[in-house]
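Structure at a glance
One-letter residues, chain by chain:
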Amino acid sequence: MGELIVDADVLARTRFGTSPWAETLAGLSILLHPQVQPWHRDWRTAHLPQLRARLADDEVTAALVRAAFSRTWMADFLTVPPRTPDLTLDEELEHLESLPDDRIRADLEYVSGPLPAVLGASGLAHRAAELLRWTWRTGIAPEWERRRRVLRADVVSRTARLSTEGWSGVLDGIGPGVRWLENGRLQVNPQPYPPRDIRGRDLMLIAAHSRGSSVSWHLPDRYAVVYPVVGVFATAPAPLPEPLARLLGRSRARVLTRLRTPGSTSALSAELGVPVGSVGGHLRVLLDAGLVERRRSGREVLYWWSDTGQELVEAAAAQAPG
């Protein structure tokens, strides 16, 4: 669908939230698609060989994955919004595991057309759920607390805008192709799909470390828009080079070291556990010194190393005892 038709009651009930299922599905999508944002590349490189090995040992799941993901669409059984924003992955997957094989095959055929004979196997829902659990265990769970802090920081930032900018300010730029239109219409992607009237239904906005924005639903009354936060903190922070800490101070050096991949003020604050005002002050000093660059992405400003900043961090790391 390209547009959702909403009214004041829908917006009054709309909630922001996070979802282990959405985060896990976003990670699986990143592994399956080579065209990803720069801040996803290290995580993808680290985990892609494991996924390839797992699918090589399970031809049914491999065929299911090939059929479930197209360039612009995922099979509906994979994209179900949670009942509430505080469920565990296993609680979210209960619905998926309840689906019969015929329903799974019907969704796959909608995405990919005629299916290979191997997908005549039974237990397709269980295989899909186990792949999501595997992706969670190997790639998401070890860093979930850090990821969740970043997601919640984004949610808090967007919720705070409601009082000053309204829904149009909150929704415009939330994801590629997402924007508020006049007359109660929310564009959720630029595709020419028919609009969906969700007046009287519930809508959730789910933050995820995803490739882009997507729509999910559990008919007849539950809808969600999954939108991307900018920058993924998928690897543990590198040890802080002591020469850099002595030169800049430990807090400022931590901020600079983190900016190997782009980050916003709110995301850096959430990841590093430093107040937003302090992060902003450090970024201003680093920007004035020519150590970082910046650009606007939607309503956020991203910072990352300049060439000079990269040279400084790498030189300091080379001088550190090892």
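Each remark here, short or long, concerns the structure printed above.
I will try to describe carefully the structure that is included in this document. Counting of residues starts from 1 at the beginning of each chain's written sequence and follows it residue by residue. For a predicted model such as this one, the threshold for reporting local features is a pLDDT of at least 70, and the threshold for listing and counting side-chain atom pairs is 80 or more; totals across whole chains, interfaces and linings nevertheless cover every residue. The side-chain values count all of the structure's non-hydrogen atoms but skip hydrogen atoms and water molecules.

The next point concerns the sheet that holds strand S6 (residues 202–208). Sheet architecture is open: four strands sit in the order S2-S6-S8-S7, paired in mixed fashion. Among the strands making up the open sheet, the edge pair consists of strand S2 (15–17) and strand S7 (214–218). Taken over all neighbouring pairs, the strand axes of this sheet differ in orientation by 25° on average, direction set aside. As defined by bridge partners, S7 adjoins strand S8 (residues 222–228) across five bridges and the pair is classed as antiparallel. In the strand pairing of S8, Ser-214 is matched with Val-226. The sheet contacts of helix H2 (residues 20–32) involve S6 and S8, and relative to S6 the element is tilted by about 50°. In this description, strands pair whenever DSSP reports at least two bridges between them. For helices the rule is a DSSP run of H or I covering at least 4 residues; for strands it is a run of E covering at least 2, with both sets numbered from the N terminus onward. Fitting a line to C-alpha atoms yields each axis, with helices limited to the stretch in contact; the angle taken between N-to-C directions then spans 0 to 180 degrees. Whether two residues touch is decided by their heavy atoms; if any such pair falls within 4.5 Å, the residues are in contact.

Below, the discussion takes up the pattern of salt bridges. In what follows, salt bridge is the name for a side-chain nitrogen of Lys or Arg lying within 4 Å of a carboxyl oxygen of Asp or Glu. Taken as a whole, this structure holds 14 salt bridges when the rule is applied. Across the salt bridge formed by Asp-107 and Arg-103, the nearest N and O atoms sit 2.9 Å from each other. Here the residue Asp-107 and the residue Arg-103 both occupy positions in helix H6 (residues 101–112), the gap between them amounting to four residues, near one helical turn. The cut-offs for exposure are 20% and 50% of the maximum accessible area for each residue type, with area from a 1.4 Å probe on protein chains only; residues under the lower value are buried, those over the upper are exposed, and the others partly exposed. On the basis of relative accessibility, which here comes to 11%, the residue Asp-107 falls in the buried class. In this structure, a network of salt bridges that share partners links the residues Asp-90, Glu-97, Glu-130 and Arg-133.

Our focus in this paragraph is H6. The terminal C-alpha atoms of H6, which comprises 12 residues, lie 16 Å apart, in line with the 16 Å expected from a rise of 1.5 Å per residue. Those residues of H6 that sit buried are Asp-101, Ile-104, Arg-105, Asp-107, Leu-108 and Val-111. The arc that holds the buried residues of H6, viewed along the axis, is 160°, so those residues lie on one side. In H6, the exposed positions that point more than 90 degrees away from the buried face belong to Asp-102 and Tyr-110. Those residues of H6 that are buried lie in contact with helix H4 (59–68), helix H5 (89–97) and helix H7 (124–140). One or two residues past the end of H6 sits Gly-113, with phi positive at roughly 85°. To estimate the expected span of a helix, subtract one from its residue number and multiply by 1.5 Å. Throughout, the arc means the angular range of directions from the helix axis out to the C-beta atoms.

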